[in-house]
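The residues making up each chain are set out below.
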Amino acid sequence: MNDFRRQWADARADVLRAVETVGASGWFVLGQQVLDFEAKLARCWGATEAIGTASGLDAIEIALKACGVERGDRVLTTPMSAFATTMAIIRLGAIPVFCDTDSNGLIDFHEASDALRTFPEIRYFLPVHLYGIPLDTRRLRELIDEFALTCVEDCSQSILAASLIGHAAATSFYPTKNLGAMGDAGATLTNDAELAARIRRLRDYGQSAKYVHAEIGWNSRLDELHAAILGAAFLPRLAGWTERRRTIASRYRAAWRRDDIGIAEAVPENACWHLFPVFTPHKASLLAHLRSNGIGTGEHYPAVIPDQPAMQGVNYVTHGDLPNARRVAKQEVSLPIHPYMTDDEVERVLAAIKSWDQPL
Ligand SMILES: Cc1ncc(COP(=O)(O)O)c(C=O)c1O
């Protein structure tokens, strides 16, 4: 699904130079490298502010807190995402409200408006641009406006694809992400200077000045090493990596001959293809076939979030039975798509797909 050794062979010299810079600087947490990386990230996102954090989960959680989410507040979100999306809500003592997805597994705007009419007290929205497929910008903006929502977008899988429609966008630099660190890291983007200042304070023990703690915060500071490696070695490669992902996705889509395996529909041009999801009712058989042919595979995600064992005893709400999300969970298989895949490897995946016999 990824090849970090090829990435290392390509980026090694730039990474080692970044490590040398940090070592020589004698400054390891929240320093010049973090400031430089935040500035570059904000520029490439078209946002005025970027604030580095220790993970994507923290980026979401701190952004929600900075946007005003308090214990007992309801937050509308999707049941089909990494568990971290929901965890961010729960850790704040807030209540996730799940509504159904569309057939691609992304939050469905009709379902979302219906949920918002059913629960008019909801003021917060945490949508996810899943698989690197951006949600419809116009509909997202309309929903925010119609229901006067405060919105934090989970852009962990959608760097360079989703813009900043809501009040803040959070992203993850977990190593497998399109822009992955050599460890855990994340960031929040916003165009609101006041919100950015609060997020900066919250990530650093709630400090407003040295040894002055204005509120209870987190230890979620970004390390200089991660920032230097991201800023000097990986961010400059991101546009090329994303182009390669788009080329592979186009090849998969152009060569797709199987009506019995669904692919994502109506995907906008600017998708960044963090994952390439396909859908079949015979998921176990397809997974086994691909694995026996030496093809890496993934499942994103095999269960809807409310069905996770950790949700037992947690206060949450589901709007309806979530039939689409449940179907996606049962049917989704992720094919390999990463920037260091060769054309031959892409063709091998297509050949393996072609040779699969759907069980009767
Ligand atoms: C959609 C989504 N949200 C949140 C996260 C959490 O990010 P992290 O693993 O950096 O905490 C991830 C990554 O795992 C993700 O894919």
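For the rest of this paragraph, the subject is the overall build of the chain. Looking only at helices and strands, one finds 11 helices and 13 strands in the chain. A principal-axis box enclosing the C-alpha atoms of the chain has dimensions of 65 × 55 × 35 Å. Within the span of the chain, comprising 360 residues, buried residues form 56% of the whole. A separation threshold of at least 6 residues defines the contact pool for the chain, and within that pool the share at least 24 residues apart is 71%. Of the roughly 15,400 Å² of accessible surface on the chain, a fraction of 51% belongs to carbon and sulfur atoms.

Here the focus is the pattern of salt bridges. Per the counting criterion, the structure on display carries 23 salt bridges. The salt bridge partner of glutamate 70 is lysine 65, with a shortest N-O separation of 3.8 Å. A salt bridge links aspartate 204 to arginine 221; the shortest N-O distance between them is 3.0 Å. Placement of the pair is aspartate 204 in the loop between helix H7 (193–202) and strand E8 (207–209) and arginine 221 in the loop between strand E9 (212–213) and helix H8 (224–255), with a sequence separation of 17 residues.

With that settled, the discussion passes to the site of the ligand. Close contacts around the ligand come from 15 residues, with Gly56, Leu57, Asp154, Ser172 and Lys177 the closest. Between an oxygen atom of the ligand and a main-chain N or O atom of leucine 57, the distance comes to 2.8 Å. With respect to the ligand, the side chain of glutamine 157 contributes an N or O atom lying 2.9 Å from an oxygen atom. The protein chains hide 88% of the 390 Å² of surface that the ligand would expose on its own. Where the shell around the ligand is concerned, the elements lending two or more residues are helix H3 (56–66) and helix H4 (83–91). Element by element, the count of residues in the shell around the ligand is highest for H3, at three residues. Taken together, the residues that form the shell around the ligand break down as six nonpolar, seven polar and two charged.

Another point: the environment of glycine 52. Considering the arrangement of structural elements, one finds glycine 52 in strand E1 (residues 49–53). By relative accessible area, glycine 52 is classed as buried at 1%. Sequence-wise, glycine 52 and valine 34 are 18 residues apart; in three dimensions their C-alpha atoms are separated by 7.1 Å. Sequence-distant contacts of glycine 52, that is, excluding residues within four places in its chain, are made with Glu38, Gly186, Ala187, Arg203, Ser220 and Leu222.

On to H7. Buried within H7 we find Leu195, Ala196, Ile199 and Leu202. Around the axis of H7, the buried residues are gathered within 125 degrees of arc, so they sit on the same side. Opposite the buried face of H7, at more than 90 degrees from it, the exposed residues are Ala193 and Glu194. Buried residues in H7 make contact with E1, H3, strand E6 (168–172) and strand E7 (186–190). With a side-chain oxygen positioned 3.0 Å from the backbone nitrogen of glutamate 194, the residue opening H7 is aspartate 192.

All right, on to the nonpolar core then. Counting 65 residues, the largest nonpolar core has Leu76, Tyr252, Phe276, Val278 and Leu335 as the members making the most contacts within it. Ranked by residues supplied to this core, first place goes to helix H11 (residues 343–354) with five residues. Sequence-distant contacts of valine 278, that is, excluding residues within four places in its chain, are made with Trp256, Ile261, Gly262, Ile263, Leu286, Gln331, Glu332, Val333 and Leu335. Listed in part, the 33 residues of the second largest apolar core include Val22, Leu164, Leu179 and Ala185.

The phi angle of most residues is negative, glycine excepted, and most peptide bonds adopt the trans form. Of note, the bond from histidine 300 into tyrosine 301 is cis; its omega dihedral lies within 30 degrees of zero at 10 degrees. The residue tyrosine 301 is located in the loop between helix H9 (283–292) and strand E12 (317–318) in this model. One non-glycine residue, alanine 266, adopts positive backbone phi at about 50 degrees. Structurally, the position occupied by alanine 266 is in the loop between strand E10 (262–263) and strand E11 (276–279).

This part takes up the packing of H8 against H11. Running from N to C, H8 and H11 point in directions that differ by 35 degrees, and their axes come no closer than 11 Å. Our pair here, H8 against H11, has a crossing hand that is right-handed. In contact with Arg244, Ile248, Arg251, Tyr252 and Ala255 of H8, H11 contributes Asp343, Val346, Glu347, Val349 and Leu350. Of the residues in the contact of H8 with H11, the class split is six nonpolar, no polar and four charged.

On to H8, then. The terminal C-alpha atoms of H8, which comprises 32 residues, lie 43 Å apart, in line with the 46 Å expected from a rise of 1.5 Å per residue. At phenylalanine 234, H8 is bent by approximately 45 degrees, the largest bend along its length, and proline proline 236 sits one to four residues beyond.

Attention now goes to the side chain of histidine 300. Mapped onto the fold, histidine 300 is located in the loop between H9 and E12. The class of histidine 300 is buried, set by a relative accessible area of 18%. Within the structure, histidine 300 has its side chain in polar contact with the side chain of serine 334 (distance 2.7 Å). If sequence neighbours within four positions are ignored, histidine 300 has contacts with Met80, Tyr131, Leu275, Glu332 and Ser334.

Definitions and limits used
- Residues numbered from 1 in each chain as written.
- Predicted model: local features only at pLDDT ≥ 70, side-chain atom pairs only at ≥ 80, totals over all residues.
- Heavy atoms only, no water.
- Helix = DSSP H or I, 4+ residues; strand = E, 2+ residues; numbered from the N terminus.
- Buried < 20%, exposed > 50% of the residue type's maximum accessible area, 1.4 Å probe, protein only.
- Contact = heavy atoms within 4.5 Å.
- Areas by Shrake-Rupley, 256 points an atom, 1.4 Å probe, with all protein chains shown as cover.
- Salt bridge = Lys/Arg side-chain N within 4 Å of Asp/Glu carboxyl O.
- Near = heavy atom within 4 Å.
- Polar contact = N/O pair within 3.5 Å; in protein donor to acceptor, adjacent residues only side chain to side chain.
- Nonpolar A, V, L, I, M, F, W, Y, C, P; charged D, E, K, R; others polar.
- Arc of directions from axis to C-beta.
- Core = buried A, V, L, I, M, F, W, Y, C linked by side-chain atoms within 4.5 Å.
- Axes fitted to C-alpha atoms, helices over the stretch in contact; angles between N-to-C directions.
- Left-handed = near helix turned anticlockwise from the far one by under 90°.
- Expected span 1.5 Å × (residues − 1).
- Bend = angle between axes of the 7 residues up to and from the residue.

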